[in-house]
Amino acid sequence: MKKETGVFATDFVTGGGAVRSLVLASLLVLFSVFAFSGFFAPNAQAAISTITINAPLVNDEWRGMQNIIWDAVGATPSDLVDIVYRTDAFSTWLVMGQVDATSGTFSWNTTGLPNADTYQIQIVDHLTPAVNTISGIFTVDNIAPVTTIALAPVAPDGLGGWYITVPTVTLSCSDALSGCLAGGTKYRWNSGGYNTYTVPFVAPQGINTLEWYSEDQAVDASGIHNVETVQTQTIKVDTIAPTVAVTSTTFPGAYNAGEAINVTLTFSEPVSSTGTLTVALNSGGSCSVPILTNATTGTCTYTVLAGENSAGLVATSITPSAGVVEDIAGNDSTLLPISNIPTAPFPIVIDTTAPSAFTTGAVSTSGGTVVATWWNSTNTGVNIEVPF
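Here goes a summary of the coordinates provided. (Residues numbered from 1 in each chain as written. Predicted model: local features only at pLDDT ≥ 70, side-chain atom pairs only at ≥ 80, totals over all residues. Heavy atoms only, no water.)

## Remarks on the side chain of Glu269
Selection criterion: Secondary structure counts use DSSP, requiring at least four H or I residues in a row for a helix and at least two E residues in a row for a strand, with both numbered from the N terminus. When accessible area is computed with a 1.4 Å probe and restricted to protein chains, residues below 20% of their type maximum are described as buried, those above 50% as exposed, and intermediate ones as partly exposed. All tallies of charge rest on Lys and Arg as positive and Asp and Glu as negative; His and the ends of each chain are not included. We define a salt bridge as a side-chain nitrogen of Lys or Arg found within 4 Å of a carboxyl oxygen belonging to Asp or Glu. Working rule for contacts: check all heavy atoms of both residues, and any pair within 4.5 Å makes them a contact.
Take Glu269: it is sitting in strand S21 (residues 260–273). Buried within the structure, Glu269 lacks any salt-bridge partner; its nearest side chain of opposite charge belongs to Lys236, at an N-O separation of 12 Å. Setting aside chain neighbours within four positions, we find Glu269 in contact with Asp238, Ile240, Ala241, Pro242, Ala295, Thr296 and Asp327.

And the structure:
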């Protein structure tokens, strides 16, 4: 028998080949034990098997500060991943950062980046680039939407920028990238509470300030959307024609020729006229109101003429000498009095007819004898008839 000594090497004369094979197999087993126990690679990193991107998802609309979220299966705190992005504005991938693979999140400020709808994120195992994943295509949009206003009638149809036809207001939101947020257009009148715009609405009467804005669908990590700067417009609406009432400051009673009686016109709002106003009265007389300029009242003095009479004086018509009587918006007054000089219980009576003389018929008595110079109880029982 022959024997040689050496490290993990033994040869036997008889059956030496089989014995050598057994020794080599034992060495392989020992190597495997040491290797898996970290004996030969104390700093080796565990392998990341797969990476899944949870945000962004395909067709997401992002703005501002957002969070990229992923899962890295098999990662330990010592594993790193590289986060890169690309869009139609770049021809190569651009690195955003390198982070702990187990953190699962990375804050990304999209402000200042080109606005586009072709962004993609890629997350790559730093040591094994073949292990990576790419997100679906999403949008980065940091531009607020624009809302336009349209009124019908398009332009004011009255005077001085006033609408004398009630205008309908339509708001239209436009956003080229992420699109306008459903229910994201708001409006209000005169700093009141905001309403959600759904359908066209009408403007109220008077001078009112309309404010409106819209939001788009792009959103940041806090849930905040791109918000348009509030727009404003003042809209003046007056569709109500001015009315007029007729009164008099003259005390009720009977008036004869030559006497003066006040007639006052009171309008429901300031009016202007292009000519004088003639007030016709049921006595047959009239008076003239001077031209009105943004006034609510006009007066004239009616001087009673001979032959004019009325049991209760009232105005029968108001007629301009030229043009119209209109309010500041251009609404014409019908000049039909909504109320008039009172005729009861104490009217203004116009009486220019003098009483006429008359004669009586023969006076007759019955029931007794008339005692001369007595018209009292002495003539009790006497009936006297005086025909006219």
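From this point on, the discussion continues.
## Topic: the pattern of salt bridges
This model, assessed by the stated rule, comprises two salt bridges. The shortest N-O distance in the salt bridge between Asp220 and Arg63 comes to 3.0 Å. Note that Asp220 is positioned in the loop between strand S16 (206–219) and strand S17 (225–227) and Arg63 in the loop between strand S2 (61–62) and strand S3 (65–73), a separation of 157 residues in sequence. The two residues Asp220 and Arg63 agree in class, both being buried. As a salt-bridge pair, Glu211 and Arg188 come within 2.9 Å of each other at their nearest N and O atoms. One end of the pair, Glu211, is in strand S16; the other, Arg188, is in strand S13 (residues 180–189), and 23 residues separate them in sequence. Look at Arg188 and you get buried, because its relative accessible area is 18%.

## Some points on the sheet that holds S3
The cut-off we apply is this: In short, DSSP must find at least two bridges between two strands for them to pair. Axis definition: a line fitted to C-alpha atoms, limited for helices to the stretch in contact. Angles are taken between N-to-C directions and run from 0 to 180 degrees.
Taken in spatial order, the three strands make up an open sheet running S1-S3-S6, and their pairing is antiparallel. Of all the strands in the sheet, just strand S1 (50–55) and strand S6 (105–109) have a single pairing partner and so form its edges. On average, adjacent strands in this sheet sit at an angle of 25 degrees to one another, irrespective of strand direction. Relative to S6, S3 runs antiparallel, the two sharing five bridges. Each residue of the ladder has a partner; that of Met65, found in S6, is Asn109.

## A word on the state of the cysteines
Applicable threshold: Cysteine sulfur atoms that come within 2.5 Å of each other are treated as a disulfide pair.
Tallied over the full model, the rule gives two disulfides. Each disulfide pairs two cysteine sulfurs, and for Cys173 the partner residue is Cys180, the sulfurs being separated by 2.1 Å. Across the disulfide from Cys173 to Cys180, rotation about the S-S bond amounts to roughly -90 degrees, and the bridge is consequently left-handed. Between Cys287 and Cys300 runs a disulfide, and the two sulfur atoms are separated by 2.0 Å. Pair noted here: Cys287 is in strand S23 (residues 286–289) and Cys300 is in strand S24 (residues 295–303), with a separation of 13 residues, a long-range link. Accessibility expressed as a relative area gives 6% for Cys287, which makes it buried. For Cys300, a relative accessible area of 6% translates into the label buried.

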